[in-house]
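Given next are the chains, with one letter for each unit.
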Amino acid sequence: MSQILQQLREILKEHFLIQSSVVQPSKTFESDLGMSSLEFTELVVYLEDTYNIQLSDMDLSRVRNVRDLIWCVEQTVK
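Residues numbered from 1 in each chain as written. Predicted model: local features only at pLDDT ≥ 70, side-chain atom pairs only at ≥ 80, totals over all residues. Heavy atoms only, no water.

Novice: Can you help me understand helix α2 (residues 37-51) in this one?
Specialist: Every α-helical turn comprises 3.6 residues, leaving residues that sit three or four positions apart pointing alike. Given a rise of 1.5 Å per residue, 15 residues ought to cover 21 Å, and the 21 Å separating the end C-alpha atoms of α2 matches this to within 8%. Among the residues making up α2, those that are buried are F40, L43, V44, L47 and E48. Projected down its long axis, α2 carries its buried residues within an arc of 135°, all on one side. More than 90 degrees from the buried face of α2, the exposed residues found are L38 and D49. Looking at the buried positions of α2, the neighbouring elements they touch are α1 (2-16), α3 (57-61) and α4 (66-77). The first or second residue beyond α2 is N52, which carries a positive phi of 55°. (Helix = DSSP H or I, 4+ residues; strand = E, 2+ residues; numbered from the N terminus. Expected span 1.5 Å × (residues − 1). Buried < 20%, exposed > 50% of the residue type's maximum accessible area, 1.4 Å probe, protein only. Arc of directions from axis to C-beta. Contact = heavy atoms within 4.5 Å.)

Novice: Looking at this structure, I do not really get the side chain of R9. What am I missing?
Specialist: Relative to the helices and strands, R9 is located in helix α1. No salt bridge is formed by the buried R9. Its closest oppositely charged neighbour is E10, at 9.1 Å. At 3.4 Å, the side chain of R9 forms a polar contact with the backbone oxygen of S20. Among the polar contacts made by the side chain of R9, one reaches the main-chain carbonyl oxygen of V23 at a distance of 2.9 Å. With sequence-adjacent residues up to four places away left out, R9 is seen in contact with S20, V23 and Q24. (Lys, Arg positive; Asp, Glu negative; His and termini not counted. Salt bridge = Lys/Arg side-chain N within 4 Å of Asp/Glu carboxyl O. Polar contact = N/O pair within 3.5 Å; in protein donor to acceptor, adjacent residues only side chain to side chain.)

Novice: Just to check I follow, could you spell out the packing of α1 against α4 for this structure?
Specialist: If you want to describe how two helices pack, look at the angle between their axes and the distance between the axes. Between α1 and α4, the shortest axis-to-axis distance is 10 Å and the interhelical angle comes to 115°. Between α1 and α4 the crossing geometry is right-handed. The residues of α4 that touch α1, namely those facing I4, L5 and L8, are V66, L69, I70, V73 and E74. Considered class by class, the residues forming the contact of α1 with α4 number 7 nonpolar, no polar and 1 charged. (Axes fitted to C-alpha atoms, helices over the stretch in contact; angles between N-to-C directions. Left-handed = near helix turned anticlockwise from the far one by under 90°. Nonpolar A, V, L, I, M, F, W, Y, C, P; charged D, E, K, R; others polar.)

Novice: Would you explain the pattern of salt bridges in this entry?
Specialist: Any two side chains of opposite charge can pair, on the condition that their charged atoms come close. Scanning the entire structure with this criterion turns up 1 salt bridge. Where R62 meets D59, a salt bridge forms, and the shortest distance between an N and an O atom there is 3.7 Å.

Following this line, the structure appears as structure tokens:
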């Protein structure tokens, strides 16, 4: 999880100006990180490009926090 979390922190910092220190596994994208649904979609695209993967809409519909998104990436990369 730590490598994906680190990459996620870098993307959020570079593209969305969210400080790395606030990006923790239990944080939600909308409430805690202040991201809109469009920004979340952009984040998913960055992750898909970074890892050369395609995350399923069904898995993404279950994402509630950073931990959930990391799990989705981990399951797809395997």
